[in-house]
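Residue-level structural notes
Spelled out from the first residue to the last, the chains are:
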Amino acid sequence: MEYLLGIDLGTSGAKTVLFDTVGVPIASHTAAYPLRQPRNGWAEQDPHDWWRAVQETVGAVLAESGADPSSIRGVGLSGQMHGLVLLDAQGHVLRDAILWCDGRTQAQCDEITDAVGRERLLSITANPSLPGFTAGKILWVREHESERYERCRHILLPKDYIRYKLTGEFATEVSDASGMNLLDVRGRRWSGEILSALDIDPALLGRLYESCEVTGAVTHAAAEATGLSPGTVVVGGAGDNAAAAVGTGVVDTGKAFTTLGTSGVIFAHADQVAIDPRGRVHTFCSAVPGAWTVMSCTLAAGLSLQWFRNNFCAAETEAAANLGLDPYELMTAQAERSPIGANRLVYLPYLMGERSPLLDSDARGAFIGLSAIHTKPDLIRAVLEGVVYAQRQCLDVFREMGVDVRDMAACGGGARSPLWRQMLADVYGCGVKTAASAEGPALGAAILAGVGAGVYGSVAQGCAAAVRSGGVQAPDKTRSAAYEPYYRLFCELYPALRGSFRTLAGL
Ligand SMILES: Nc1ncnc2c1ncn2[C@@H]1O[C@H](COP(=O)(O)OP(=O)(O)O)[C@@H](O)[C@H]1O
Ligand SMILES: O=C(CO)[C@@H](O)[C@H](O)COP(=O)(O)O
C-alpha cells in the first residue's frame, strides 16, 4: 500500500491527512493554535505553534493509521496565504508572523503604489497593493522594526516555513507567491522591477517552483521530529485556496468553489490571466502549471462564527464537549429556529476590515436592526446570512467580469453545515455541490505530492483518480426570493456606513 500526505496549515489549526493513492482519507488529525490580535485590526501567529501542530498531527496520523512511513510517496503542503515569516541567518524566527487578515499596512500599500505605479503593479503582479498581501508587511517591518529587518535573511510564507523545518530548503511556489505583490504573475517569476522599486533584496526570497515540483526531501532531524521517513519528497504544494481547487477538482474553466473557512473565498479556474481593473478580486497563478485563477477573499467568514462562539456561546461549547458534539452544530441548530432575514436583523462581517470587494481595512462589523425581540438564534442566523451575502457580493463581481462560473462546490469548515451550504445555494441562485469538504486543501496538497512523486502523470490525472464530489444542494426559488431584499439592503449598508467607519478608526 502506498500513501500521500497532505498538510494544511490553516488559520484555525493544522490539519494533516494521510490518503491512499485514490484519495481515500486513511487518517486525519487537527491541532489548533491561537490567533493573536495585539491591536484592533492586527493579526499574528507564532510560527513555532505551527511547527508544533505539524509535528503533533503528523505523529498522530502515523500512529492512527499504522502506516509504514517509508510507504509515503510524498508530502504536499497547503497553507494560509500572504503571512510574513522572517528568519535570521541561523533560520530562527525573528517575530510572530503577520497574517493575511492583518490590516495595519495601508500606508505601506500606498507607498508601494506610489513607487511602482498602480497600472504597472496591476500589469505585473495582476493585483493592486492590498494590506492583506505580503509586500506591505515587509515594508512595515522595515519601517517600524528596522533592527529586526536588518537581521532578516529569509522571507517565507507560512507553509514555506514548514517546508524549511521539514527539508531545510528556503523555497516557495507560484500559487502562494502570487499573493506577495512581488511576483510577475503572467511570467510566473519574481519581478526584478518590483523588487528593485521597493528595494527588497531578491536573495531574501525563497527559490520559486511550480506547485507539483519537488522542492526537497525530509531531513534526518525532521524525520526524528515527525516520524516521517528521511528522504521523503516534499513538493511545492500551494496556497490553501489553490490547494483546495485541486482537492475539489476545480482545474477546468467553468468550475469554481466557495470556501467557508476562517476566510470566505470564491475561487474560479482560468486558462488565461483575467484581471479586475478595480482590483476587487485577485488574479493568481494556479497550482496547475500554465493556468491562473480568479478569487475573492472576505476576511471574517468562519471567523465571524468563531468570534460569536468564543464570546457568546460558552454554554453551547460546554454542552458540546459533554455530548461529544461540534459546538458549531449546536449553534447552527439554533439558527434554524430563526426565519430568513433573522427577524429583520442584518450582520456586516467586517470584523477584520474587509478585502473583497470593499478593499477597506477600516470597515468594522455591525448588527443592523437589533431590537428587543431578538434572541441568540436570530443573532447566529444573522451572522451566517451576513457571511453569505458577502460571498454573493463577490460572486456578483465575478459575474460582472464575465468569469465563467457554471459549477460551484463548497468547502472549508463552514461547509460542514447543511444550513450554511443551503444558504449559499439560495442566495447565489445556483446549485452548490458538496466537495470532499474540509479535506479539500489537504487532498489537493496530497495530489500535488503524487504528481511530484510520479504517482500521477499530471494534476488533472491526479484529480481524476482522487477527487470525489458529494451531492448537490439546489436553490429554492421561494427562499431565494425571500433572501433577495435582505441582500439588496446588505449591499446598501457599507456605503452608508463607510464615513462612520473611517471616523471610528481615527478616534
Ligand atoms: N459544523 C460546523 N458548522 C458550521 N461552521 C463550522 C463547522 N465546523 C467549523 N465551522 C466553521 O469553520 C471555521 C474553520 O474552518 P477551516 O476550514 O477549518 O478553517 P481554516 O482553514 O481557516 O483553519 C470555523 O471558524 C467555523 O466558523
Ligand atoms: O488571504 C486569503 C486568501 O487571499 C485567505 O484565504 C488565507 O489564505 C487564509 O485562509 P483560511 O485560513 O481561511 O483557509
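On a predicted model such as this, the values are computed, not experimentally measured, just so you know.

Considering the site of ligand 1
- The environment of ligand 1 is formed by 20 residues, the closest being G10, G261, T262, G302 and G413.
- Elements with a minimum of two residues in the shell around ligand 1: helix 11 (302-312) and helix 13 (327-335).
- The residue inventory of the shell around ligand 1, partitioned by class, reads 4 nonpolar, 13 polar and 3 charged.
- Two domains share the shell around ligand 1, each providing at least three of its residues, namely domain 1 (3-249 + 437-466) and domain 2 (297-434 + 476-506).

Here's the deal with the domain arrangement of the chain
- Domain parsing of the chain yields domain 1 (3-249 + 437-466) and domain 2 (297-434 + 476-506).
- Taken together, the contact pairs 13 residues of domain 1 with 13 residues of domain 2.
- Per-class residue counts for the side of domain 1 that touches domain 2 are 6 nonpolar, 7 polar and no charged.

Some thoughts on the sheet that holds strand 23 (residues 432-434)
- Strands sit in the order 18-19-17-16-22-23-24 across an open sheet of 7 strands; the sheet is mixed. Strands with a single pairing partner mark the edges of an open sheet, and in this sheet they are strand 18 (282-285) and strand 24 (472-473).
- With 6 bridges connecting them, strand 16 (residues 254-260) and strand 22 (residues 405-411) associate as parallel partners. In the strand pairing of strand 22, T258 is matched with A410.

Comments concerning the environment of Y483
- Within the secondary structure, Y483 is located in helix 18 (residues 477-506).
- Sequence-wise, Y483 and S469 are 14 residues apart; in three dimensions their C-alpha atoms are separated by 27 Å.
- For Y483, the residues in contact, after removing those within four places along its chain, are I340, D426 and V427.

Some words on the pairing of strand 16
- When you tally the buried positions in strand 16, you get 6 out of 7 residues, the bulk of the element.
- Pairing between strand 16 and strand 17 (residues 264-270): 5 bridges, direction antiparallel. For T258, the partnering residue across the bridge sits in strand 17 and is I266.
- The antiparallel hairpin formed by strand 16 and strand 17 contains 3 residues in its connecting segment.

With respect to unusual backbone geometry
- In this structure, the amide linkage connecting S356 to the following residue, P357, adopts the cis form with an omega of -10 degrees.
- The topology assignment puts P357 in the loop between strand 20 (346-348) and strand 21 (366-368).
- With a phi close to 70 degrees, N181 is a non-glycine residue in the positive phi region.
- By the secondary structure assignment, N181 is in the loop between helix 7 (174-177) and strand 10 (183-184).
- Unusually for a residue other than glycine, R344 sits at a positive phi of about 65 degrees.
- Examined against the element boundaries, R344 turns out to sit in the loop between helix 13 and strand 20.

Let's talk about the site of ligand 2
- Near ligand 2 lie 16 residues; those nearest to it are T11, M81, W100, G261 and S263.
- Its residues assigned to classes, the shell around ligand 2 shows 4 nonpolar, 11 polar and 1 charged.

Each value, and the rule that gives it
- Residues numbered from 1 in each chain as written.
- Chains lettered and ligands numbered in written order.
- Predicted model: local features only at pLDDT ≥ 70, side-chain atom pairs only at ≥ 80, totals over all residues.
- Near = placed C-beta within 6 Å.
- Helix = DSSP H or I, 4+ residues; strand = E, 2+ residues; numbered from the N terminus.
- Nonpolar A, V, L, I, M, F, W, Y, C, P; charged D, E, K, R; others polar.
- Domains from an automatic or database assignment.
- Contact = placed C-beta atoms within 7 Å.
- Pairing = 2+ DSSP bridges.
- Buried ≥ 20, exposed ≤ 12 C-beta atoms within 10 Å, placed from the backbone.

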